Amino acid sequence: MEDNQTKQKETKIRRMNIYEEAGRCLLCLDAPCTKACKTGDPARAIRAIRFDNHKPALRWVKDCTDDDLERAEQACIHYNWPIRIKEMLRSIHEDDVDDSNYPSLAIDFCGIGCENPFFLASSAVCTNYDMVSHAFEAGWAGVFYKTICMKEIKEVSPRFDAMHSNATHGDFYGFRNMEQLSENPVAMDFDILHRLKQNYPTKVVVASIMGQNDAEWMALAKMAEEAGCDAVELNFSCPQMKYEGMGSDVGQNLELVREYTDCVKRSVKIPVISKMTPNDIHITEPAQACIEAGADAISAINTIKSVTMCAEAEVAGQRTVSGYSGRAVRPIALRHVLELAQIEKPVGLSGVGGIETWRDALEFIQLGCSNVQVCTAVMQYGYRIIDDLVLGLQRYMAKRGVTRLSQLVGEQLPKFLNPDHLDRETIIYPKFDKTLCVGCGRCEVSCSDGGHQAIVFDRETRQPRLIGTKCVGCHLCRLVCPAGAIGVSKRISKK
């Protein structure tokens, strides 16, 4: 016991993982910590860290004393133990980017000028005038309004489910929904869209529509144009429609998406955007059909067909297949966007799927999107996330010296090759940092049972050692290390 206490005293105090601590924050409404602080806004600072803007976070607490932050910490209402506000904020270095020279995020999409690339996705986050107007006031550049159709829509209850880590609440990584389309009368929705465009002329209003035949598609598109909408999105992708001939089933039929895109394109002058379903083996085939029919842009992806097994999400004791979203689907959405960006006749791309931070949005932009849509993150955290989406992307551009957002569109595409063209003659070995290693042995466990038995763990010193002759450079150890103590070395030729 005494030996253990001695070792603990001799252990070097490690810097707090500020993102881990900020992740514990409940992101309170009317935050008690800020009300107690008085000289700053620690809640806003913590939110900046949570959404990947840790250095700019200091601007909201620059005048706070330690006593101010102590009061904020004491006021924290976390259900477990208070957020370590003072320690977290005092461990951040000053921002090295001049915030007086942030570039504009203005960009064109389908020939439409947008103040930034961030739009609300057609969903529960934009179902009436008040919701969208609040989003516009918060700083969102535009909206793909919840899909309008001619059918009577009645939703189920409950209609949502989520995937959490064990015994956690609130912060889910995957989200399942059984939402269909707008429940409002058609005339009401187009009146809402008309008023939005009238009252917010600089914002971009896109009507998302879904018909069951040519006549319905054309009628809805004309109503959107007459309401003053900037563009119309054709929803070929809803995975849980109860009516035949609508939703993602249409999105997998090349002839139908071509026919419906063509008839809408001929009936209106505003840009036409076709929305693709990921529930297809080859997303490029229906997208190409839409482009051949005249689509001005493609948006992708809608939600992924899925099943969850939570009893509380049953509808009167029954279940169904429905759409999956959230940050867990982002790599799948990026894969589809990549494929769409590589087709022979490219058009504008709007990226959707798991966007939560500015860095997530940047990934879509770098793969060819000049517009991105957000849904699930807004459902979790509210319209306020636009603050950090804009801040982070502007700061990134300023740090790189990029003056126009369009310069980033598609810049990562040349890096993507077929697997047979990748370099297989060199290797990068993992690099162990003993000052960060906590001696948990996770790297050895994973390498031994799921890798190449290339790590030996000394149980006396509690330190790992790499066996270079066995290591293949897979980097499983780096990914499982909870302390961030494993990095990368230089790329060298294989022996």
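(A) Just the pattern of salt bridges, in detail. Here the structure, examined in full by the defined rule, presents 36 salt bridges. Taking the shortest distance from any N to any O, the salt bridge between Glu-216 and Lys-151 comes out at 3.7 Å. With Glu-216 in helix α9 (residues 214-226) and Lys-151 in the loop between β4 (142-149) and β5 (160-163), this residue pair connects regions lying 65 residues apart in the sequence. Residue classification places Lys-151 among the partly exposed residues on the basis of a relative accessible area of 25%. Between Lys-154 and Glu-152 there is a salt bridge, and its shortest N-O distance comes to 4.0 Å. Taken individually, Lys-154 and Glu-152 each receive the classification exposed, so the pair is uniform in this respect.

(B) Spatial organisation of the pairing of strand β8 (residues 231-235). Burial analysis of β8 places 5 of its 5 residues in the buried class, the great majority of the element. Residues Ala-231, Glu-233 and Asn-235 of β8 are buried on one face, and the alternating residues Val-232 and Leu-234, pointing to the opposite face, are buried as well. The pairing of strand β7 (residues 204-210) with β8 spans 4 bridges and is parallel. Residue pairing across strands places Val-206 opposite Ala-231, the latter belonging to β8. With respect to chirality, the unit in which β7 leads through α9 into the neighbouring parallel β8 is right-handed. In terms of strand pairing, β8 meets strand β9 (residues 272-275) through 4 bridges, oriented parallel. Across the sheet, residue Glu-233 finds its bridge partner in β9, namely Ile-273.

(C) Region of interest: the nonpolar core. Within the largest apolar cluster, 130 residues are counted, with the highest numbers of intra-cluster contacts made by Phe-118 and Trp-140. Discounting chain neighbours no more than four positions away, the residues touching Trp-140 are Phe-118, Phe-119, Leu-120, Ala-135, Lys-203, Val-374, Val-378, Tyr-383, Ile-385, Ile-386 and Leu-389. In this structure, Ala-454, Ile-455, Cys-481 and Ile-486 belong to the second largest nonpolar core, which totals 10 residues.

(D) Region of interest: the environment of Cys-474. Note on placement: Cys-474 falls in the loop between β17 (463-466) and α18 (476-480). Among the residues examined, Cys-474 registers a relative accessible area of 47% and is labelled partly exposed. Taking the C-alpha atoms as reference points, Cys-474 and Tyr-429, 45 residues apart in sequence, are found 8.3 Å from one another.

(E) Molecular detail of empty space enclosed by the protein. In this structure the tally under the stated criterion is 3 cavities of 30 Å³ or more. The space that makes up the largest cavity amounts to roughly 460 Å³. Of all the secondary-structure elements, those providing two or more residues to the lining of the largest cavity are β4, β6 (174-177), β12 (322-325), β14 (371-374) and α15 (376-381). Sort the elements by how many residues they give to the lining of the largest cavity and α15 lands first, with 4 residues.

Cut-off values and rules
- Residues numbered from 1 in each chain as written.
- Predicted model: local features only at pLDDT ≥ 70, side-chain atom pairs only at ≥ 80, totals over all residues.
- Heavy atoms only, no water.
- Salt bridge = Lys/Arg side-chain N within 4 Å of Asp/Glu carboxyl O.
- Helix = DSSP H or I, 4+ residues; strand = E, 2+ residues; numbered from the N terminus.
- Buried < 20%, exposed > 50% of the residue type's maximum accessible area, 1.4 Å probe, protein only.
- Pairing = 2+ DSSP bridges.
- Right-handed = clockwise from strand over helix to strand, strands pointing away.
- Core = buried A, V, L, I, M, F, W, Y, C linked by side-chain atoms within 4.5 Å.
- Contact = heavy atoms within 4.5 Å.
- 1 Å grid on protein atoms, 1.4 Å probe; cavity = no way out; pocket = protein on both sides within 12 Å on 5 of 7 lines; lining within 4 Å.
- Points joined across faces, edges and corners; volume = space filled by probe spheres on them.

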